[in-house]
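Topology and contacts: notes
Next come the chains, spelled out residue by residue.
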Amino acid sequence: MSSVISVAGIRKAYGSTIAIDDVSFDVVEGEIFGLIGPNGAGKTTTMECVEGLRTPDRGAISVFGLDPVRDVYALQQRVGVQLQEAQLQKRITVWEAVDLWASLYPKSADGRRLLEQLGLADKRDAWFMTLSGGQKQRLFIALALINNPDVVFLDELTTGLDPHARRAIWDLVRGIKDRGKTVFMTTHLMEEAERLCDRVAIIDRGRIVDIDTPPALVARHCPERTVLLTTVDAGAESRFRAIRTVDAVTRADARYTIRGRGDDLVTEVIRCLSDHRIHVTDFRTETPHLEDVFLKITGHSIRD
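The paragraphs below set out a description of the structure included in this document. Everything numeric in this text was worked out from a predicted model, so none of it was measured.

**Brief notes about unusual backbone geometry**
- The phi angle at Asn148 is positive, at roughly 50 degrees, despite the residue not being glycine.
- Relative to the helices and strands, Asn148 resides in the loop between α5 (133-145) and β6 (151-155).
- Asn148 gets classed as partly exposed once you look at its relative accessible area, which sits at 46%.
- Even without being a glycine, Glu156 presents a positive backbone phi close to 50 degrees.
- Looking at the element boundaries, Glu156 is found in the loop between β6 and α6 (163-178).

**Some thoughts on the packing of helix α8 (residues 214-221) against helix α11 (residues 290-298)**
- Packing of α8 against α11 leaves a shortest axis separation of 9 Å and a crossing angle of 45 degrees. Comparing the axis directions of α8 and α11 gives the class oblique. Crossing hand, α8 versus α11: left-handed. Contacts from Pro214, Leu217, Val218 and His221 in α8 reach Leu290, Val293, Lys296 and Ile297 in α11.
- The residue inventory of the contact of α8 with α11, partitioned by class, reads six nonpolar, one polar and one charged.

**What to know about the pattern of salt bridges**
- Applying the stated rule across the entire model yields 26 salt bridges.
- The residue Asp57 makes a salt bridge to Lys12 at a minimum N-O spacing of 3.9 Å. One end of the pair, Asp57, is in the loop between α1 (43-51) and β4 (58-63); the other, Lys12, is in strand β1 (residues 3-14), with 45 residues separating them in the sequence.
- Relative accessible area serves as the criterion here: at 44%, Asp57 is assigned to the partly exposed category.
- Between Asp21 and Arg58 there is a salt bridge, with the nearest N and O atoms lying 3.6 Å from each other.

**Concerning the packing of aromatic side chains**
- Going through the model one piece at a time under the given rule, you end up with six aromatic pairs.
- Taking the centre distance of 5.4 Å and the plane angle of 80 degrees together, the rings of Phe240 and Tyr256 count as edge-to-face. One end of the pair, Phe240, is in helix α9 (residues 236-241); the other, Tyr256, is in strand β12 (residues 255-261), and 16 residues separate them in sequence. A single burial state applies to Phe240 and to Tyr256, both of which are buried.
- Among the aromatic residues, those joined into a ring-pair cluster are Phe25, Phe33, Phe153 and Phe184.
- Over the ring of Phe64 we find Arg78, and its NZ or CZ is 3.7 Å from the ring centre.

Rules and cut-offs
Residues numbered from 1 in each chain as written. Predicted model: local features only at pLDDT ≥ 70, side-chain atom pairs only at ≥ 80, totals over all residues. Heavy atoms only, no water. Helix = DSSP H or I, 4+ residues; strand = E, 2+ residues; numbered from the N terminus. Buried < 20%, exposed > 50% of the residue type's maximum accessible area, 1.4 Å probe, protein only. Axes fitted to C-alpha atoms, helices over the stretch in contact; angles between N-to-C directions. Parallel < 35°, antiparallel > 145°, perpendicular 65-115°, else oblique. Left-handed = near helix turned anticlockwise from the far one by under 90°. Contact = heavy atoms within 4.5 Å. Nonpolar A, V, L, I, M, F, W, Y, C, P; charged D, E, K, R; others polar. Salt bridge = Lys/Arg side-chain N within 4 Å of Asp/Glu carboxyl O. Phe/Tyr/Trp six-rings, centres within 6.5 Å; stacked < 30°, edge-to-face > 60°. Lys NZ or Arg CZ within 6 Å of the ring centre and 35° of its normal.

Right under this line is the structure:
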């Protein structure tokens, strides 16, 4: 797949504060690419540089082979932007907003169909100030898509939304990709990145620390697996310790925590239970997630 966005060694400072430093990555056509990290890590600054809203102090950015600052008017026809913080006039209606945005482009998508796809058709005459948080976010997505862009920028799309609204927005983002668009998004929600992104770049203190698919990042940085089970079998502990992929076994009364590495750990524990006829009353597995990866490679929580 060809690169739609190419970022090479960009740096942006505000006085003595370095927001991003030596940031590089590529976004390929048709993928959902996520820039993840805690608040203040440099996600929004990076995205705003790619969008052409800020000029980096050094480095190079290319979007469809164009410079986002120098060629801003040419790029405006091919990109759609949803900002982290946005507002409209309180008494502008949903349809008036869509119609206004459509008038800004030589060609635009069908606004009525867009509202139907985003579940806002019955809100077309509602004032902006009467919309719920999820409805406002869906409206901003509609405005970002009104020019039928090839690349859509989504900055902290679901921050502050309840779980139901968040999952509805996730479905919409998947729909954008299904229509052949490329999505570049930022988020500090690890579950969101794992569910949506084909690849993610982890940014911390203004620097990219790793880039890959979520499963590959987990496999590389957190290969540990954990099995939790309950059994009263007196010989269970010694049997568990004999499993070749097990690194540690801890016991609290009848409850065992078995830690090891590799995809075969769970299979080998189950085989051990079967071979030695060990009766269990509870069995669960735990696998690491992106937040575990972030904690391991940066030394602090994503919520810091």
